[in-house]
Each structure stands twice: as C-alpha cells, then as structure tokens.
Amino acid sequence: MLLCVCLFVVCGAYAQEAQPEKLAAWPKPADKDALLTAIEKVCKAGTEEMERSGRESVTAAGAAAVPLLLDRYGKERAEDARDRLQDVLIAQTDASMTRLLAARFEDKNELVRTFALWRVAAFPDAEVKAAADKAWAKVAKLGAKANADERYAAALCCASAGSLAGMEALWEATSAKWDKKQRELRAALNGVRCKEASEWALARIKGDDRKATVAALRMLAGCGIKEDAGRIKVLLSNEDNSIRVATINALRGMVDGDGPLEDISAFEAIETAKKWAGRI
C-alpha cells in the first residue's frame, strides 16, 4: 500500500515511495507436505487441471510458500518446469519480502541467487544495499567467469538499492538489450538518481558515437538529476532522430520524473524538442 512519497538527499533515494511493512521471518506453512505436493504439481503439470490445482494451493499458502518454491526452483532441471516455478515465484513475492529475499543473495544455488537479486530489484529498498554490494563484489571478482544473468541481476539490485557499484553492467545492458529490459532498467536506475550517477552517465555521451550517446541518455532518464538537464539541451537539435528522442525522454525523467514517450514520429519529436528547448 502506498502511503506517501518521501524525498531524501542521499544518493539513490530520490522520490522513493514509503516502504511497506517488511516481513521479519517467513511464516510456516499450515501443512508443509501438502504444499510440497502442490509445488510438485506445478512442476509436473501433467494436465492443465493438475497445474491449476497446484498453483491455487501454492497461492493460498501465501508467503509461506516462497522458501519452498525457491528451493525447488534451484533444483529443477527441466526448463519448462523452471519457467512455471518462476511465474509462480513472481506472483508470490512482493515488496514486503525484500529483506528475506536478500538473505538468498548468498545462496549456494546460482539460479536462486539470481532470481532473488532480480526480484528484489523490482522493489527499491535502501536497507538491502550492503547485501547487494556484497553480491556484486563477488560476481565482479569472477570477471568473465561470472554468470551473465547473475551479474546483471546483481547490478540491477545495486542500483535499485541506491548503489553505483554495478553501473558498468547496466550500461552494457542499456547498450545491448534495451528493447527487452528497458522497464526494469529504468525502474532500477530511478533508485540511484543522484549527482554522482548523473555525472557517470553524462561522461559516456560521445559526440561521434550515436549508440553510446543514446545509451547514456537512456540511463540519464533514470539516474540523471534536474540540475544537469541544461547539459544535454544541445542534443535536442541533433539531426539524428534517435538522439533527439532519447534526449527528450532523458529530460522527461530528469526534470519531471516522467516515463518515456514511445513511438513518436520525427515530426512530433522535432516539435517536442522545440518545447523542451524553450523550457530548459
């Protein structure tokens, strides 16, 4: 439940909504054996009715089902079964569970660690920053040997919690996977909106590199601050429409905290750019 909007001056706490009450411990299931049977039905899904019955029972168990789901998810070898378990886990987890899920950042199972990091990133919580930074430090130490999904999830979680530790990985994702990951990237970068993050992204604008400039502007939409808006004003008149649109969307995020405009024509972009130029 959203109670209020609070402003903080620390990096990564820009206009974050009030945190919901956090669970201190996972509740115990009323019938563990029955819950394990329901989870198994979701995995096997021999018939639609079997899967539906399993999902309903797991849903009814609430938060108590999450630890058992995570354990089963980490052990499952069949990709289709893992996909079903992931769907259930997404539906079963929420912002009240961030502290408990953060304990799984150090799980022995790579799949569990990755899911926990990725899911917590969806619910900005500054209290998990230390755990997220620790998770990032471990994958960063592995270098090229690190699992790509876990590296990305750790970077995403760091930003969401207010840390710049994984910005390079987010830059890579913004450059290469924006179409598929833009919503979660924007959401996470909003958690680290501050002067330092703004400078980090501004430094990556390259006049002779369209791809780098667009990626930097996309990051600025999430992490850039209003005071730096004037520094990208010149790009509103760029002849490359992709740069013009990315600049408009960066300004929308930096100045008003608004989401991006999508699928606007070149003519609309030119007119919108003129309005922003007169405003900045």
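Residues numbered from 1 in each chain as written. Predicted model: local features only at pLDDT ≥ 70, side-chain atom pairs only at ≥ 80, totals over all residues. Heavy atoms only, no water.

## A short note on the side chain of T98
- Its place among the elements puts T98 in helix 5 (residues 98-102).
- By relative accessible area, T98 is classed as buried at 0%.
- Every residue in contact with T98, bar those within four places of it in the chain, is listed here: K22, V120, F123, D125 and V128. (Helix = DSSP H or I, 4+ residues; strand = E, 2+ residues; numbered from the N terminus. Buried < 20%, exposed > 50% of the residue type's maximum accessible area, 1.4 Å probe, protein only. Contact = heavy atoms within 4.5 Å.)

## Here's the deal with the packing of helix 6 (residues 110-121) against helix 8 (residues 148-161)
- Close contact between helix 6 and helix 8 brings their axes to 8 Å; oriented N to C, the two are set at 30°. By the angle between their axes, helix 6 is roughly parallel relative to helix 8. As for how helix 6 packs across helix 8, the hand of that crossing is left-handed. Contact residues: E110, R113, T114, L117, W118, V120 and A121 in helix 6; D149, E150, A153, A154, L156, C157 and S160 in helix 8.
- Among the residues forming the contact of helix 6 with helix 8, the class breakdown is 8 nonpolar, 2 polar and 4 charged. (Axes fitted to C-alpha atoms, helices over the stretch in contact; angles between N-to-C directions. Parallel < 35°, antiparallel > 145°, perpendicular 65-115°, else oblique. Left-handed = near helix turned anticlockwise from the far one by under 90°. Nonpolar A, V, L, I, M, F, W, Y, C, P; charged D, E, K, R; others polar.)

## Some remarks on the pattern of salt bridges
- Tallying each qualifying case throughout the model produces 23 salt bridges.
- Between R52 and E49 there is a salt bridge; the shortest N-O distance is 2.4 Å. Here E49 and R52 lie together in helix 2 (residues 48-61), a separation of 3 residues that amounts to about one turn.
- Residue E49 is classed as partly exposed on the basis of its relative accessible area of 45%.
- Between K138 and E106 there is a salt bridge; the shortest N-O distance is 3.2 Å. Note that K138 is positioned in helix 7 (residues 129-142) and E106 in the loop between helix 5 and helix 6, a separation of 32 residues in sequence.
- Judged by relative accessible area, K138 falls into the partly exposed class, the value being 45%.
- Each of E40, K44, R72 and E76 takes part in salt bridges that share partners, so that together they form one network. (Salt bridge = Lys/Arg side-chain N within 4 Å of Asp/Glu carboxyl O.)

## What about the packing of aromatic side chains?
- Within this structure, the stated rule accounts for 3 aromatic pairs.
- Ring geometry for W171 and W200: centres 6.3 Å apart, planes at 70°, overall edge-to-face. Of this pair, W171 sits in helix 9 (residues 167-176) while W200 sits in helix 11 (residues 195-202), and the two are 29 residues apart along the sequence.
- With relative accessibility at 14%, the residue W171 sits in the buried group.
- Note on W200: relative accessible area 18%, which makes it buried.
- An aromatic cluster of at least three residues, connected via ring pairs, comprises Y73, F115 and W118.
- Over the face of the ring belonging to W200 we find R204, whose NZ or CZ atom lies 3.4 Å from the ring centre. (Phe/Tyr/Trp six-rings, centres within 6.5 Å; stacked < 30°, edge-to-face > 60°. Lys NZ or Arg CZ within 6 Å of the ring centre and 35° of its normal.)

## Observations regarding unusual backbone geometry
- In the Ramachandran plot, A45 falls in the positive-phi region, its phi being about 45° despite a non-glycine side chain.
- With respect to the helices and strands, A45 occurs in the loop between helix 1 (32-44) and helix 2.
- One non-glycine residue, D263, adopts positive backbone phi at about 55°.
- Counting through the fold element by element, D263 comes out in the loop between helix 13 (241-256) and helix 14 (266-279).
- Residue D263 is classed as exposed on the basis of its relative accessible area of 80%.

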